[in-house]
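# Close look at the chain arrangement
Here's the letter readout for the chains.
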Amino acid sequence: YFCDGVEIAADHNEAASTLTMTPWFGNRSVGAKDWDPKLPDGSESISWSSSSWLTGGDSRSSTGKYSSFTVLDKLVFMLEEHMRNGRLPNLKQISIAGFSAGCQMALR
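Residues numbered from 1 in each chain as written. Predicted model: local features only at pLDDT ≥ 70, side-chain atom pairs only at ≥ 80, totals over all residues. Heavy atoms only, no water.

## Points about the confidence of the model for the chain
- Looking at the chain as a whole, the pLDDT averages 86, with 100% of positions reaching at least 70.
- The secondary structure element of the chain with the lowest average pLDDT is helix α2 (residues 32-35), at 82, and the one with the highest is helix α3 (residues 68-84), at 93. (pLDDT = per-residue confidence, 0-100. Helix = DSSP H or I, 4+ residues; strand = E, 2+ residues; numbered from the N terminus.)

Encoded structure:
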């Protein structure tokens, strides 16, 4: 869905002014090297059992438990912070969208 979001922005001539992010709410941990081969070994994503993330369920992780809603809140807070302190000076608006279960989560 990330590629779809990027393509939609490009189709509307908004690619240069759009930041597209897709948080991972998967049911398996993914190693850093799976995301980017240049990242150091040893770090893994958090994950959720089944679709518990959909209703704000806690992650299963050796580093702690995190509600999927808390993760999304922290992501938005981080973007707002970067907007305020000038790290993302062109960021004017944050929109949350999803498809299917992701849409359900966004509405919650």
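Okay, back to it.
## Some details on unusual backbone geometry
- Despite not being glycine, N13 has its phi angle at roughly 55°, a positive value.
- Along the chain, N13 falls in the loop between α1 (2-11) and α2.
- Classification of N13 as exposed rests on a relative accessible area of 72%.
- Phi angles above zero are rare outside glycine, and S100 is one such case at about 60°.
- Tracing the sequence through the fold places S100 in the loop between α3 and α4 (101-107). (Buried < 20%, exposed > 50% of the residue type's maximum accessible area, 1.4 Å probe, protein only.)

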